[in-house]
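What follows is each chain in one-letter form.
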Amino acid sequence: MKQLNQNQDQWKTRLGFMLAAMGSAVGLGNIWRFPYVTGELGGATFLIVYLAFVFLIGIPLLLNEFSIGKAGQKDAVGSFQNLAPNTKWHWTGFMGVIGGILILSFYSVVAGWSLFYLYKYLTGAYWSEPDGGYGMVFDEWISNPILPLLWQALFLGVTLFIVIRGVKGGIEKANAFLMPVLAVLMIFMAGYVLTLDGALEGVTFLFQPDWSQLSNPKLYLTALGQAFFSLSIGVSGMLTYASYLKAKDRLPGAAIGVGVMDTVFAVIAGIMIFPAVFSFGLEVNEGPPLVFITLPSIFASMPLGNVVGIIFFVLLTMAALSSAISLLELPVAFFKRTIGMSRKAATYLCTSIIFVLGIASSLGFGIWSGVTIGGQNILGMIDYLTANFVLPFGALLMALFVGWYLNREQAQKNSEIENPLMFNIWYIIIKIIVPVVMIIIVIANIFGYTA
Ligand code: TRP
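This is a predicted model, so every value here is computed, not measured. (Residues numbered from 1 in each chain as written. Predicted model: local features only at pLDDT ≥ 70, side-chain atom pairs only at ≥ 80, totals over all residues. Heavy atoms only, no water.)

### Examining the overall build of the protein chain
When its secondary structure is counted, the protein chain shows 18 helices and zero strands. Taken against the 2.2 N^0.38 rule, which gives 22 Å for 451 residues, the C-alpha radius of gyration of the protein chain at 21 Å falls within 12% of a compact globule. Along the first, second and third principal axes, the C-alpha set of the protein chain runs to 65 × 50 × 40 Å. The buried share of the protein chain, reckoned over its 451 residues, is 60%. (Helix = DSSP H or I, 4+ residues; strand = E, 2+ residues; numbered from the N terminus. Rg over C-alpha atoms; globule rule 2.2 N^0.38 Å. Buried < 20%, exposed > 50% of the residue type's maximum accessible area, 1.4 Å probe, protein only.)

Here is the structure:
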């Protein structure tokens, strides 16, 4: 195979790449989405299926996505064109670019809420239960037609500010700061929460399975979607990050490191949130508002709750930011190359498109709340469709690409797995197990829903 040109953009160090990829993985998916889907689908049973998917399918697919980007040395579309010229495989990357734009459009709405809550905590406004209660102020806030849009724009502005500075100077530097701070805050929070009365009940919910849920097909699709969403796989965001690696930087360890860290963060978020919910006798299946209504009422009645509240929303906003950076870089890299735009122009263009699309998700909580499908509003719909269909489909295409289009030698070389046994296991997962498992889950869900 011919030697491909090195990408012009590059990470300074492999650690910088690892932190950026962890930053991409750890986000609202771990702290906002994971607890509420776990709460809705029965706690520990969901957790077990989720963990199985992360380790059996998710991490191998993360390595798979890394391998395409590193070998391709270009953005989502260009990497496929490099590795498979004159084929239709680059549509996988194109679908990813669109998927990434859609995800960031609703992601930035929730991140905007988080930023607003941080502001409310810093000014002391939410330290104690406001008039009407946290539920009412949250409903009023998200249904306001203008204010959430301003906070969403502010959040996207910060994201733009970093991405515009480029791979080394912006993304790598920001993550080198955000990730260590995040880790420290998170461990501190979990430790504190576990000292509260009633915490044990929450831990039990998270670790004691209810096997009857295993016959629910929705559990599997949701666990799969959550695994992909949390690991940032399926839309070529991780592919784009890996395309900035130099030849000597090894991939398998990075995939395992990112996968394990992401899972640890999700479990810590669970440990941080469920015990708190139980010790205050609140409901776990609150859905998306869980962290914005349930947690503030917990903070209000907790010793040092104001400090904990500030820390929590700093943490949530920082985690969202490091993920949003990766979601923005994905289309920026694509526009930069295909249209030949400067990074600056591409970043402004992509941020604007994402903001405009995001308006729909935001208004879906207020003046457009009549627009629903199956009881889901606009944000819920985009979230559901991207996580449960676009991501699995994109990841499946990438598995088919490496498993069936490339030959075995290319797959081995690109994966950089040196141990032959380990390579065989990985290759069988990518080539056979991933396609089979995904087809079964999708079919079960189609029948599960119509029956
Ligand atoms: N993984 C991030 C989270 O858990 C979200 C995210 C970032 C993402 N980049 C992505 C999701 C790419 C899917 C695809 O919050």
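### What about the packing of helix H5 (residues 90-122) against helix H16 (residues 378-405)?
One way to put it is that H5 packs onto H16 with a least axis distance of 10 Å and a crossing angle of 150°. Overall, the two elements H5 and H16 adopt an arrangement that is roughly antiparallel. By crossing handedness, the relation of H5 to H16 is classed as left-handed. Contact residues: H5 offers Thr92, Met95, Gly99, Leu102, Ile103, Ser105, Phe106, Val109 and Val110, while H16 offers Leu379, Ile382, Asp383, Thr386, Val390, Leu391, Phe393, Gly394, Leu397 and Met398. (Axes fitted to C-alpha atoms, helices over the stretch in contact; angles between N-to-C directions. Parallel < 35°, antiparallel > 145°, perpendicular 65-115°, else oblique. Left-handed = near helix turned anticlockwise from the far one by under 90°. Contact = heavy atoms within 4.5 Å.)

### So, the site of the ligand
Not every one of the 16 residues close to the ligand is listed here, only the nearest: Ala25, Gly29, Tyr107, Phe229 and Ser232. The contact in question runs from an oxygen atom of the ligand to an N or O atom on the backbone of glycine 29, over 2.7 Å. Side-chain polar atom of asparagine 30 to an oxygen atom of the ligand: 3.5 Å apart, as the coordinates give it. Compared with its free state, where it exposes 360 Å², the ligand has 99% of that area covered by protein. Here the residues of the shell around the ligand sort into eight nonpolar, eight polar and no charged. (Near = heavy atom within 4 Å. Polar contact = N/O pair within 3.5 Å; in protein donor to acceptor, adjacent residues only side chain to side chain. Areas by Shrake-Rupley, 256 points an atom, 1.4 Å probe, with all protein chains shown as cover. Nonpolar A, V, L, I, M, F, W, Y, C, P; charged D, E, K, R; others polar.)

### What about unusual backbone geometry?
Even without glycine at this site, glutamine 73 takes up a positive phi of about 55°. Of the residues examined, glutamine 73 reaches a relative accessible area of 7% and is grouped as buried. You will see that serine 236, though not glycine, has its phi angle at about 75°, which is positive. Relative to the assigned elements, serine 236 resides in the loop between helix H10 (217-231) and helix H11 (237-242).

### Topic: the environment of aspartate 75
If you trace the backbone, aspartate 75 turns up in the loop between helix H3 (44-72) and helix H4 (76-83). Assessed through its relative accessible area of 4%, aspartate 75 is described here as buried. In this structure the C-alpha to C-alpha distance between aspartate 75 and serine 243, which are 168 residues apart in sequence, comes to 7.0 Å. Not counting the four nearest positions on each side in its chain, aspartate 75 is found in contact with Leu239, Ala333, Phe334 and Arg337. Of the polar contacts made by the side chain of aspartate 75, one reaches the side chain of arginine 337; its length is 2.3 Å.

### Re the nonpolar core
The nonpolar side chains of a soluble globular protein tend to be buried, and buried together. Within the largest apolar cluster, 162 residues are counted, with the highest numbers of intra-cluster contacts made by Ile31, Leu61, Phe66, Phe228, Phe292 and Phe312. Counting residues per element, this core draws most heavily on helix H14 (residues 305-338), which supplies 19 residues. (Core = buried A, V, L, I, M, F, W, Y, C linked by side-chain atoms within 4.5 Å.)

### Description of the pattern of salt bridges
Considering all chains together, one arrives at nine salt bridges under this definition. In this structure, aspartate 9 engages arginine 343 in a salt bridge whose closest nitrogen and oxygen atoms are separated by 3.4 Å. Taken as a pair, aspartate 9 in the segment before helix H1 (14-25) and arginine 343 in helix H15 (residues 343-363) lie far apart in primary sequence, 334 residues in all. Judged by its relative accessible area of 18%, aspartate 9 falls in the buried class. Residue arginine 343 is classed as buried on the basis of its relative accessible area of 12%. The shortest N-O distance in the salt bridge between aspartate 75 and arginine 337 comes to 2.3 Å. One end of the pair, aspartate 75, is in the loop between H3 and H4; the other, arginine 337, is in helix H14, with 262 residues separating them in the sequence. (Salt bridge = Lys/Arg side-chain N within 4 Å of Asp/Glu carboxyl O.)

### Description of the side chain of asparagine 175
Position of asparagine 175 among the secondary structure elements: in helix H8 (residues 167-194). On the basis of relative accessibility, which here comes to 0%, the residue asparagine 175 falls in the buried class. There is a polar contact of 3.0 Å between the side chain of asparagine 175 and the backbone oxygen of isoleucine 171.

### Considering H10
Between its first and last C-alpha, H10 extends 22 Å over 15 residues, near the 21 Å set by a 1.5 Å rise per residue. Among the 15 residues in H10, twelve count as buried, and that is most of the element. Restricting attention to buried positions, one finds in H10 the residues Leu219, Leu221, Thr222, Ala223, Leu224, Gly225, Gln226, Ala227, Phe228, Phe229, Ser230 and Leu231. The backbone nitrogen of lysine 218 has a side-chain oxygen 3.1 Å away, supplied by the residue at the start of H10, namely asparagine 216. At the exit of H10 stands serine 232, carrying a positive phi of roughly 60°. (Expected span 1.5 Å × (residues − 1).)

### Side note on a nonpolar patch on the surface
Taken together, the side chains of Trp404, Ile428, Ile432, Ile433, Val436 and Ile440 make up a nonpolar region of the molecular surface, amounting to roughly 570 Å² of accessible area. The dominant element in the nonpolar patch, judged by the number of residues it contributes, is helix H18 (residues 420-450), at five residues. In this fold, isoleucine 433 is placed in helix H18. Isoleucine 433 gets classed as partly exposed once you look at its relative accessible area, which sits at 38%. (Patch = residues over 30% accessible without salt bridge, like charges linked within 9 Å, V, L, I, M, F, W, Y side chains within 5 Å.)

### Focus: the packing of helix H7 (residues 147-163) against H15
Contact geometry for H7 and H15: axes closest at 10 Å, N-to-C directions at 155°. Taken as axis vectors, H7 and H15 run roughly antiparallel relative to one another. Considering how the two elements wind past one another, H7 and H15 form a crossing that is right-handed. Of the residues in H15, those touching H7 at Pro148, Leu149, Gln152, Ala153, Leu156, Leu160 and Val163 are Arg343, Thr347, Tyr348, Thr351, Ile354, Phe355, Gly358, Ile359 and Ser362.

### Observations concerning H3
Because the α-helix completes a turn every 3.6 residues, residues three or four places apart line up on one side. Compared with an ideal rise of 1.5 Å per residue, which puts 29 residues at 42 Å, H3 spans 39 Å between its outermost C-alpha atoms and is within 8% of the ideal. Residue valine 54 marks the point of greatest curvature in H3, where the axis turns by about 40°. Trailing H3 by a residue or two, glutamine 73 shows a phi angle of about 55°, which is positive. (Bend = angle between axes of the 7 residues up to and from the residue.)

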